[in-house]
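Observations on the model geometry
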Amino acid sequence: AQSVSQHNHHVILSEAASLELGCNYSYGGTVNLFWYVQYPGQHLQLLLKYFSGDPLVKGIKGFEAEFIKSKFSFNLRKPSVQWSDTAEYFCAVNPNRDDKIIFGKGTRLHILP
Amino acid sequence: DVKVTQSSRYLVKRTGEKVFLECVQDMDHENMFWYRQDPGLGLRLIYFSYDVKMKEKGDIPEGYSVSREKKERFSLILESASTNQTSMYLCASYIRGGNEQFFGPGTRLTVL
């Protein structure tokens with residue numbers, strides 16, 4: 001079955017630390033890839049997306065992600081996190097660019113001030 | 001800006017009640033989705049609709065039904081609410097071939 005795996009369920013970092021959140025998907029065809037973020041008490045919102053072209057994509061708030069097709073991965077990175085990055089992060093895949101989007105289980109990120 | 005609205009932010013119902021959750025989007029999107037969000041389980045797709053009167057089961061459709069009579073409105077129905085349906089319910093819409101799902105604020109449903 002198609003699935004999206006997020007390796008870390010809960011990550012705790014200090015401010016200024018570097019961040020990498022892992023995401024792997026199981027679908028082998030053409031995919032669109034997304035990272036969404038949900039700040040405490042707020043809507044889910046799009047952080048960044050990959051459709052085609054440069055596999056290194058930049059999103060809002062200094063986040064970036066790299067699509068590695070051979071590894072079926074789309075890891076999220078930020079060189080220096082801030083306390084305001086405390087949130088839950090979801091990786092999502094749109095397999096074959098059809099109507100469904102499949103979400104991972106989320107990674108809860110907690111930044112210590 | 002795309003807007004997805006949900007009829008209630010918080011809802012408390014009793015076991016056995018019929019529950020309606022309403023979602024409206026204002027951007028003429030073809031696709032609409034209902035998810036439930038539970039800690040440690042992420043977002044799980046209940047149902048989605050790719051056109052008026054069309055619906056498809058998601059991963060966890062049991063105990064739910066949906067209705068899409070108009071393009072902008074997608075309703076989730078719990079025919080007989082049970083305590084294990086206590087959850088956060090999220091509605092989303094998406095234009096076919098588009099690049100982003102837009103989410104509503106969510107409805108936190110508690111079934112007593």
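Higher on the page you've got the structure.
Described in the following lines is the structure provided in the data block.

Rules and cut-offs
Per chain, the residues get numbers from 1 upward, laid out in the order the sequence is written. The order in which chains are written sets their letters, starting at A; the order in which ligands are written sets their numbers, starting at 1. Per-residue local features are limited, in this predicted model, to residues with pLDDT of at least 70; the limit for side-chain atom pairs, both in listing and counting, is 80 or more; totals at the level of whole chains, interfaces and linings are taken over all residues. Calculation of side-chain values draws on the structure's entire complement of heavy atoms; hydrogens and water are dropped beforehand. Two cysteine sulfur atoms make up a disulfide if the distance between them is within 2.5 Å. For the purposes of this entry, the term helix denotes a DSSP run of H or I that reaches at least four residues, the term strand denotes a run of E that reaches at least two, and both are numbered from the N terminus. Residues count as neighbours in contact if any of their non-hydrogen atoms are within 4.5 Å of one another. By buried area we mean how much accessible surface two parts lose on assembly, using a 1.4 Å probe and totalling the loss over both. By convention in these notes, a salt bridge is any Lys or Arg side-chain nitrogen within 4 Å of a carboxyl oxygen on Asp or Glu. Polar contact is the term for a pair of N or O atoms within 3.5 Å; when the atoms are in protein, one must be able to donate a hydrogen and the other to accept it, and sequence-neighboring residues count only if both atoms are side-chain atoms. Just so you know the grouping, Ala, Val, Leu, Ile, Met, Phe, Trp, Tyr, Cys and Pro go in nonpolar, Asp, Glu, Lys and Arg go in charged, and all remaining residues, Gly too, go in polar.

Attention shifts here to the state of the cysteines. Residue and element names in this part refer to chain B. On inspection of all chains with the given rule, the structure shows two disulfides over all chains. Paired by a disulfide, C23 and C91 hold their sulfur atoms 1.8 Å apart. In this structure the cystine formed by C23 and C91 twists about its S-S bond by roughly -75°; its chirality is therefore left-handed. In this pair, C23 is assigned in strand 3 (residues 19–25) and C91 in strand 9 (residues 87–94), connecting sequence segments 68 residues apart.

Our next topic: unusual backbone geometry. Residue and element names in this part refer to chain A. Although it is not a glycine, A16 adopts a positive phi angle of roughly 80°. Along the chain, A16 turns up in the loop between strand 2 (10–14) and strand 3 (19–21). Phi is positive for F72, close to 50°, though the residue is something other than glycine. Within the secondary structure, F72 is located in the loop between strand 8 (64–68) and strand 9 (73–78).

This part takes up the interface of chain B and chain A. Listed as interface residues are 23 residues of chain B and, on the opposing side, 19 residues of chain A. Both sides together, the interface formed by chain B and chain A hides about 1,700 Å², and carbon and sulfur atoms give 55% of it. Across the contact surface, chain B and chain A share zero salt bridges. If you look at where chain B meets chain A, you find six residue pairs in polar contact (both at pLDDT 80 or more). Put simply, the parts of the chain that give the side of chain B that touches chain A at least two residues each are strand 4 (31–38), strand 5 (42–51) and strand 9 of chain B. A total of five residues in the side of chain B that touches chain A trace back to one element, the largest contributor, which is strand 5 of chain B. Among the residues making up the side of chain B that touches chain A, the classes are represented as 11 nonpolar, eight polar and four charged.

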